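Here's the letter readout for the chains.
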Amino acid sequence: MLEKTVYRELLSRAFDIPVQVTYWNGKTETYGDGEPQVKIEIRKEIPLKEMTSKPTLVLGEAYMNGDIEITGSIQELVASAYRQAGSFLTNNPFLKHLPKISHSEKESEKDVQSHYDICNDFYQLWLDKSMTYSCAYFEHDTDTLEQAQINKDRHILHKLKPVAGKRLLDVGSGWGTLIIMAAEEFGLHATGITLSEEQYKYTKQQIKDRHLEDKVDVLLTDYREVNDQFDYVTSVGMFEHVGKENLGLYFKEIKKFLVPDGRALIHGITGQHEGAGVDPFLNKYIFPGGYIPNVAENLTHIMDAGLQLTDLEPLRRHYQKTLEIWYANYVKVIDQVKEKYGEPFSRMWSLYLQGAAASFEAGNIDVMQFLLTNAPSGTDLPMTRQYVYQEED
């Protein structure tokens with residue numbers, strides 16, 4: 001009886017919108033004022049100890065297995081939990097005591113491959129034609145996802161103000177869209193590195209199909225194994241994978257890759273508040289070994305590496321919109337996902353895409369571009385950032 005009372009107390013304070021909860025014994029209660037915006041059916045009792053120790057993992061697994069059903073927007077439900085001060089779903093002291101995660105080269109390779117080597121066919125179902133799996137950049141409200149992803153790569157390259165004929169390294173090059181654009185549109189000699197065999201093979205084929213063998217290369221290697229210098233370095237969605245203990249090393253490697261006066265554009269998920277930087281559900285099922293540093297943490301490592309910040313641009317709303325479009329695409333093909341990968345897998349990715357969109361919507365996390373120089377800030381760049389927008393126009 002006491003456990004049920006505590007259970008209801010936890011859920012009644014978890015959201016800032018009216019929510020209807022139907023418990024495993026058939027009893028239905030509504031928390032909050034007004035008509036319920038989301039309905040939750042808990043079909044199987046979850047031990048209270050599990051609920052309060054690892055709520056996102058336990059509830060995520062229950063949703064994957066069909067023990068919880070949600071009617072209404074999961075994105076709105078999760079965003080509501082992030083907005084609600086003191087929600088047990090987001091204010092959990094357990095997260096401070098998560099075990100240390102290894103980020104050796106072998107473990108990093110395993111982590112990356114577990115996420116990105118699911119199968120190119122899976123990502124092709126719901127990404128755009130460019131196979132870009134990171135935050136897009138919506139210059140106009142009418143931009144399609146594909147156009148916004150092209151915008152993002154151009155925005156990154158324009159910020160560097162590159163000179164044709166010089167060399168660029170892309171650390172964590174994904175499916176190769178940025179290095180191909182760097183060669184074709186900006187005249188750079190571009191090299192990408194990845195730990196994903198699927199991405200490596202896909203990029204190799206793209207290079208061959210576009211006859212760029214003399215301008216573009218991709219290496220299947222760890223960033224810690226690269227011993228070369230470049231005029232420019234880009235890195236998109238990478239520092240979230242290196243681990244808390246390796247962030248300092250990562251930025252020192254960026255510094256090492258750059259020639260004197262070289263420039264780097266680092267794009268990744270970060271936060272504007274203190275937090276654990278990890279989530280048990282995401283760590284187990286989506287991004288093994290993932291860690292999201294806050295802005296101050298990154299800036300400390302940037303300074304310690306001897307790099308200087310030239311520009312910092314938050315793109316939170318852009319990633320929210322990107323994820324919302326990905327989810328809309330995913331819904332259209334979810335039956336194909338179920339057929340090939342099974343019901344729990346399809347529900348897991350549905351939960352992840354909506355939950356991630358909610359996290360950006362609520363400001364729980366952000367995504368930012370750090371323009372860095374291996375020199376005093378702004379060296380060899382125009383006095384204002386207007387050059388970026390002039391180039392884009």
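This write-up is about the structure you can find in this document. (Residues numbered from 1 in each chain as written. Predicted model: local features only at pLDDT ≥ 70, side-chain atom pairs only at ≥ 80, totals over all residues. Heavy atoms only, no water.)

The next point concerns the side chain of Asp311. Residue position: Asp311 is located in strand E10 (residues 308-314). Among the polar contacts made by the side chain of Asp311, one reaches the side chain of Arg385 at a distance of 2.5 Å. (Helix = DSSP H or I, 4+ residues; strand = E, 2+ residues; numbered from the N terminus. Polar contact = N/O pair within 3.5 Å; in protein donor to acceptor, adjacent residues only side chain to side chain.)

With 16 residues, helix H7 (residues 145-160) extends 23 Å from end C-alpha to end C-alpha; this agrees with the ideal 22 Å at 1.5 Å per step. With respect to burial, H7 is a largely interior element, 12 of its 16 residues being buried. For H7, every residue scored as buried is listed here: Leu145, Ala148, Gln149, Asn151, Lys152, Asp153, His155, Ile156, Leu157, His158, Lys159 and Leu160. Once H7 ends, the next one or two residues include Lys161, with phi positive near 45 degrees. (Expected span 1.5 Å × (residues − 1). Buried < 20%, exposed > 50% of the residue type's maximum accessible area, 1.4 Å probe, protein only.)

Turning our eyes to something else, we now look at the sheet that holds strand E6 (residues 189-194). Strand order across the open sheet formed by 7 strands is E7-E6-E5-E8-E9-E11-E10, with mixed pairing between neighbours. Each of the sheet's edge strands pairs with one partner strand only, and the pair in question is strand E7 (216-220) and E10. For this sheet, the mean inter-axis angle between neighbouring strands, taken without regard to orientation, is 15 degrees. Where helix H9 (residues 197-209) meets the sheet, it contacts E6 and E7, and its direction lies at approximately 160 degrees from that of E7. (Pairing = 2+ DSSP bridges. Axes fitted to C-alpha atoms, helices over the stretch in contact; angles between N-to-C directions. Contact = heavy atoms within 4.5 Å.)

Running from N to C, helix H10 (residues 247-257) and helix H12 (residues 295-305) cross one another at 45 degrees; their axes reach a closest spacing of 8 Å. Relative to H12, the element H10 is oriented oblique. Remark: the crossing between H10 and H12 carries right-handed chirality. Residues Leu247, Gly248, Phe251, Lys252 and Lys255 of H10 form the contact with H12, whose own contacting residues are Glu297, Asn298, His301, Ile302, Asp304 and Ala305. Split by residue class, the contact of H10 with H12 holds 4 nonpolar, 3 polar and 4 charged. (Parallel < 35°, antiparallel > 145°, perpendicular 65-115°, else oblique. Left-handed = near helix turned anticlockwise from the far one by under 90°. Nonpolar A, V, L, I, M, F, W, Y, C, P; charged D, E, K, R; others polar.)

Bringing the sheet that holds strand E1 (residues 19-22) into the picture now. One open sheet accounts for 4 strands, arranged E2-E1-E3-E4; its pairing is mixed. Each end of this open sheet is capped by a strand with a single partner; those strands are strand E2 (28-31) and strand E4 (68-71). Recorded for the sheet is a direction-independent mean angle of 20 degrees between the axes of neighbouring strands. For E1 and E2, the ladder comprises 4 bridges, and the chain directions are antiparallel. By the bridge assignment, Gln20 is partnered in E2 with Thr30.

Tallied over the entire structure, the rule returns 27 aromatic pairs. With centroids separated by 5.5 Å and ring planes inclined at 75 degrees, the aromatic side chains of Phe122 and Tyr341 adopt a geometry described as edge-to-face. Of this pair, Phe122 sits in helix H6 (residues 120-124) while Tyr341 sits in helix H13 (residues 316-341), and the two are 219 residues apart along the sequence. Note on Trp126 and Tyr330: the rings are 6.4 Å apart at their centroids and 90 degrees apart in plane angle, and the pair reads as edge-to-face. With Trp126 in the loop between H6 and H7 and Tyr330 in helix H13, this pair connects stretches of sequence that are 204 residues apart. For the pair formed by Trp126 and Tyr330, the shared burial category is buried. Its end group placed over the ring of Tyr63, Arg347 keeps NZ or CZ at 4.1 Å from the ring centre. (Phe/Tyr/Trp six-rings, centres within 6.5 Å; stacked < 30°, edge-to-face > 60°. Lys NZ or Arg CZ within 6 Å of the ring centre and 35° of its normal.)

The next subject is the pattern of salt bridges. Applying the stated rule across the entire model yields 20 salt bridges. For Asp311, the salt bridge identified is with Lys159, shortest N-O distance 4.0 Å. Here Asp311 is found in strand E10, whereas its partner Lys159 is found in helix H7, with 152 residues between them in sequence. Neither residue differs from the other here; Asp311 and Lys159 are each classed as buried. Note that Asp311 and Arg385 form a salt bridge whose closest N and O atoms lie 2.5 Å from each other. (Salt bridge = Lys/Arg side-chain N within 4 Å of Asp/Glu carboxyl O.)

Now for unusual backbone geometry. The backbone phi angle of Lys161 is positive, close to 45 degrees, even though this residue is not glycine. Tracing the backbone shows Lys161 in the loop between H7 and strand E5 (167-171). The partly exposed category is assigned to Lys161, whose relative accessible area is 30%. With phi around 55 degrees, His211 is a residue other than glycine that occupies positive phi space. Relative to the elements of secondary structure, His211 occurs in the loop between H9 and E7. Using a relative accessible area of 64% as the deciding quantity, one classes His211 as exposed.

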